[in-house]
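Okay, here's what each chain looks like letter by letter:
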Amino acid sequence: MFDDSTARNLEPMTNATETMTGGPAVEEHPEPVQPETVSQPESASQPDSAESQVFAPETGGVGASDDFATALENFTTESEEAAGEDNVIHGTVVKLTATHVVVDIGAKSEGMLPIAEVMDHEGKPKFQPGDPIDVMREKGQTEEGYVNLSHQKAARLRAWDDIEKAFNEKKPIKGIVVDRIKGGLTVDIEGAQAFLPGSQVDLRPVRNLDGMKGHTIEVAVIKLNKKRGNIVVSRKQLLEEEQSEKRGKTLEHLEEARS
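Right, let's walk through the structure included here. (Residues numbered from 1 in each chain as written. Predicted model: local features only at pLDDT ≥ 70, side-chain atom pairs only at ≥ 80, totals over all residues. Heavy atoms only, no water.)

1. Section: the overall build of the chain
Each helix and strand counted, the chain has four helices and ten strands in total. Written out in order from the N terminus, the α and β elements of the chain read α-α-β-β-β-β-β-α-β-β-β-β-β-α. The 259 residues of the chain split such that 22% are buried. The long-range share in the chain, meaning contacts at least 24 apart out of those at least 6 apart in sequence, stands at 54%. Working note: accessible area of the chain is about 19,400 Å², and carbon and sulfur atoms make up 50% of it. (Helix = DSSP H or I, 4+ residues; strand = E, 2+ residues; numbered from the N terminus. Buried < 20%, exposed > 50% of the residue type's maximum accessible area, 1.4 Å probe, protein only. Contact = heavy atoms within 4.5 Å. Areas by Shrake-Rupley, 256 points an atom, 1.4 Å probe, with all protein chains shown as cover.)

2. A few points about unusual backbone geometry
With a phi angle near 55°, K170 is a residue other than glycine that sits in the positive phi range. Structurally, the position occupied by K170 is in the loop between α3 (151-169) and β6 (173-181). For K170, a relative accessible area of 74% gives the class exposed. Of note in this structure, E190 is not a glycine but carries a positive phi near 55°.

3. So, the sheet that holds strand β1 (residues 89-96)
Overall, mixed pairing links the five strands, which are arranged β1-β2-β3-β5-β4 in a closed barrel. Between one strand axis and the next, the sheet turns through 55° on average, direction left out of account. The sheet contact formed by strand β4 (residues 132-141) and strand β5 (residues 147-150) spans three bridges and is antiparallel. From the neighbouring strand, M136 faces β5, where its bridge partner is S150. α3 contacts β1, β3 (111-114), β4 and β5 of the sheet and is inclined by roughly 125° relative to β4. (Pairing = 2+ DSSP bridges. Axes fitted to C-alpha atoms, helices over the stretch in contact; angles between N-to-C directions.)

4. What to know about the side chain of E117
Mapped onto the elements, E117 comes out in the loop between β3 and β4. With no salt bridge to any partner, buried E117 finds its closest opposite charge in R156, at an N-O distance of 7.4 Å. Apart from the residues within four sequence positions on either side, E117 is in contact with S150, H151 and Q152. (Lys, Arg positive; Asp, Glu negative; His and termini not counted. Salt bridge = Lys/Arg side-chain N within 4 Å of Asp/Glu carboxyl O.)

Honestly, it's all geometry; don't read function into it.
Quick look at the structure:
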């Protein structure tokens with residue numbers, strides 16, 4: 001016979017047994033659980049040109065510990081900076097250091113940009129203290145409290161107007177060969193980087209493309225995609241047009257001589 005105290009003593013043993021065996025008895029034929037189907041996002045279409053590049057934007061978010069006021073402040077700051085991304089600021093060079101250029105932009109704090117952005121193809125700075133310079137404001141500040149700036153972005157924005165005009169009016173535009181890359185050359189056109197294919201450098205194949213570096217040349221803009229930042233130019237096209245024009249004038253002179 002078991003009294004109440006015996007029954008109570010058995011309860012912990014029963015619970016311990018369930019714990020060791022993984023709980024209560026499992027059904028012999030449990031119903032299979034269907035896995036949830038996760039829909040896969042559609043793959044983004046890839047550019048149809050090798051010259052195009054795809055950039056993955058950086059993503060970020062506000063942590064769960066941030067309060068509403070902090071989130072609102074961050075959003076407002078980012079919105080103000082984004083709204084001013086296309087605004088070119090007319091500044092004045094204050095000084096040049098070994099790594100940066102300090103610029104007076106008429107704000108509470110002076111701005112700073114990498115010295116590499118103002119170097120010419122010979123490695124010399126294109127600006128000196130007191131010179132005017134166009135810049136665009138970047139996000140954030142340096143550790144010293146300077147506003148981050150970019151001269152290249154401002155120059156590129158200005159250059160696009162001239163490049164688009166040359167493209168639409170089919171007129172030549174000048175550029176400086178700054179580097180040799182795979183398949184051709186990089187040409188700097190007023191701060192914007194254009195691609196000159198090796199086959200478009202001259203009427204005949206050029207074996208020594210390195211010899212073109214540092215030369216100022218006239219080119220025709222044959223392809224333009226502002227959204228992707230692609231500019232493709234040709235020097236060969238201008239040379240062919242010049243050659244054709246000379247032939248036409250020669251034929252005119254021959255006909256006049258015959259008459």
